Amino acid sequence: MKELELKYGCNPNQKPAKIYTKEGELPITILNGRPGYINLLDAFNSWQLVKELKQATGMAAAASFKHVSPAGAAVCTPLSETLKKIYFVEGAKLSDVATAYIRARGADRMSSYGDFVALSDECDEQTAEFLKREVSDGIIAPSYSEKALEILKSKRKGSYLVIQIDPDYTPHQQETKEVFGITFEQGRNNAPITEALLEQIPTDNKELPQEAKRDLLIALITLKYTQSNSVCYVKDGQAIGIGAGQQSRIHCTRLAGNKADTWFLRQHPKVMALPFKEGIRRADRDNTIDVYISDDYDDVLRDGTWQQFFTEKPDVLTREERKAWLEKLDGVSLGSDAFFPFGDNIERAHKSGVSYIAQAGGSVRDDHVIETCNKYGITMAFTGLRLFHH
């Protein structure tokens, strides 16, 4: 197949729409559903991300994409009992690829609502069973088990989009796109993301454990497929906060840091003990948690409202309790798709437990950024590689 007609373009009024290849066959097979333009942008970007994560780490990888940027990305590292509880998979039998996706979706459950899924390995029954209960638009993987395909084809009244991609497909080195009737051409971003990028360490602290190297590679590979400007916080093999598409780098760092804080606050004992009513929808539960751990907690705790969500009124998670809990977050790795122009990014990163940083370097204020890292004992590597993605 050289050409595939789509439902429509970015918006329903943008018709007709299609994808096609000038040479050879399309590397995908549509096993179920009918793709749209954005579905395929998500599919192709997310597939590249998980394929690179698998190559870099040797571990099963997964991504949760929304609007052509990852809401989460992860490799298969063991889940603690706490994470199993906040990801709602207690007692479930989980394969490596299912674990990777559960981590990826758990990074930012609000943003992952209605996501597009990418898996580095075959989609198995455990992964399909988890997806069956979540709101998701589609999936791309190199293969599917017979049972997994049966489960996925029954999702969304039979319309769930299932795409199989040829894992050996390699695109041409030159890529083009058209904007306003003008064709742009450039070489594909084939820069390898390896530990060699982490060798130049200008900070006083040069300690970089193997786990931190893994997490920094995950951050950098994730950023390679995230709309710029972008910053990514990673811990224990999974993204915990991604700030994408911001005009200011400090806004990226704050946005991603706030998401990382939310991820960690979901593990607070008060949050894990929230007395939710039986049968509450997952989206309502996730939104309620996000509001409960914010300064707007009264929006879900005021009389006449809390009864919609809880069997009894929970105690407030105070600002002091939140601050004390967040002080326990440490060992976080942070990647940036370009240099940090000011030390304020480091100040914000420190508040979310960042101990290791990888960024391009090359700012006229590198000395101030290094000085701020030294103040907190942070190890920082200059990669010399910009990873803008548009």
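The paragraphs below set out a description of the structure included in this document. (Residues numbered from 1 in each chain as written. Predicted model: local features only at pLDDT ≥ 70, side-chain atom pairs only at ≥ 80, totals over all residues. Heavy atoms only, no water.)

Concerning the overall build of the chain
This is how it is decided: Secondary structure follows DSSP: runs of H or I at least 4 residues long count as helices, runs of E at least 2 residues long count as strands, and numbering of each begins at the N terminus. With the radius of gyration taken over C-alpha atoms, the globule rule is written as 2.2 Å times the number of residues to the power 0.38. Each residue is assigned to one of three classes by its accessible area relative to the maximum for its type, calculated with a 1.4 Å probe on protein chains only: buried under 20%, partly exposed between the two thresholds, exposed over 50%. Contacts were defined at the residue level, with two residues in contact if any of their heavy atoms lie within 4.5 Å. Accessible surface area values rest on a Shrake-Rupley calculation with a 1.4 Å probe, where residue burial reflects the displayed protein chains alone. Counted as positive: Lys and Arg. Counted as negative: Asp and Glu, with His and the chain ends omitted from the count. A charged residue contributes its charge at one atom only: NZ of Lys, CZ of Arg, CG of Asp or CD of Glu.
Helices and strands together make up the secondary structure of the chain, namely 13 helices and 15 strands. Computed over C-alpha atoms, the radius of gyration of the chain comes to 21 Å, within 12% of the 21 Å expected from 2.2 N^0.38 for 390 residues, which places it in the range of a compact globule. Taking the principal axes of the C-alpha coordinates as reference, the chain spans close to 60 × 55 × 40 Å. The burial tally for the chain puts 51% of its 390 residues in the buried class. Put simply, 58% of the contacts in the chain that link residues at least 6 apart link residues at least 24 apart. Surface exposure of the chain reaches about 18200 Å², of which carbon and sulfur atoms provide 48%. Across the chain, the 49 positively charged side chains and the 54 negatively charged ones have centroids separated by 4 Å.

A closer look at a nonpolar patch on the surface
Keep this limit in mind: Exposure above 30% relative accessible area and the lack of any salt bridge qualify a residue for a patch; like charges then connect within 9 Å, and the nonpolar side chains Val, Leu, Ile, Met, Phe, Trp and Tyr within 5 Å. Each salt bridge in this description consists of a side-chain nitrogen of Lys or Arg and a carboxyl oxygen of Asp or Glu lying within 4 Å of one another.
A cluster of nonpolar side chains, namely Val 179, Phe 180, Ile 182 and Phe 184, defines an oily patch on the protein surface of about 470 Å² accessible area. Following the sequence through the fold, Ile 182 ends up in strand E10 (residues 182–187). Looking at Ile 182, the relative accessible area reads 49%, which means it is partly exposed.

Considering the packing of helix H7 (residues 249–265) against helix H11 (residues 319–326)
Going by this rule: Axes here refer to lines fitted to C-alpha atoms; in helices the fit is confined to the stretch in contact. Angles between the N-to-C directions go from 0 to 180 degrees. Angular relationships are summarised with four words: roughly parallel below 35 degrees, roughly antiparallel beyond 145, roughly perpendicular across 65 to 115, and oblique for the angles in between. Throughout, the ten residues Ala, Val, Leu, Ile, Met, Phe, Trp, Tyr, Cys and Pro are labelled nonpolar, Asp, Glu, Lys and Arg are labelled charged, and all others, Gly among them, are labelled polar.
Running from amino to carboxyl end, H7 crosses H11 at an angle of 95°, the nearest separation of the two axes being 10 Å. Viewed along their axes, H7 and H11 adopt a mutual orientation that is roughly perpendicular. Residues Asp 261, Phe 264 and Leu 265 of H7 lie in contact with H11, whose contacting residues are Arg 322, Trp 325 and Leu 326. Taken together, the residues of the contact of H7 with H11 break down into 4 nonpolar, no polar and 2 charged.

Some remarks on the pairing of E10
Where we set the bar: Any two strands with at least two DSSP-identified bridges between them are counted as paired.
As paired strands, strand E9 (residues 174–179) and E10 are joined by 6 bridges and run antiparallel to one another. From the neighbouring strand, Glu 175 faces E10, where its bridge partner is Gln 186. As consecutive antiparallel partners, E9 and E10 are separated by 2 residues, and within that stretch Phe 180 has a phi angle of approximately 55°, a positive value.

Considerations on the nonpolar core
Rules: Here, nonpolar core means buried Ala, Val, Leu, Ile, Met, Phe, Trp, Tyr and Cys residues that are tied together by side-chain atoms lying within 4.5 Å of each other.
Residues Leu 119, Cys 123, Ile 139, Leu 152, Tyr 233 and Ile 357 are the most contacted members of the largest nonpolar core, which totals 66 residues. Ranked by the residues each element gives to this core, the list is headed by H7, at 6 residues. When residues no more than four places from it in sequence are discounted, the contact partners of Leu 152 are Cys 123, Ala 128, Leu 131, Ile 139, Tyr 144, Tyr 160 and Val 162. Trp 47, Ala 61, Leu 198 and Ala 239 belong to the second-largest nonpolar core, a separate cluster that totals 46 residues.

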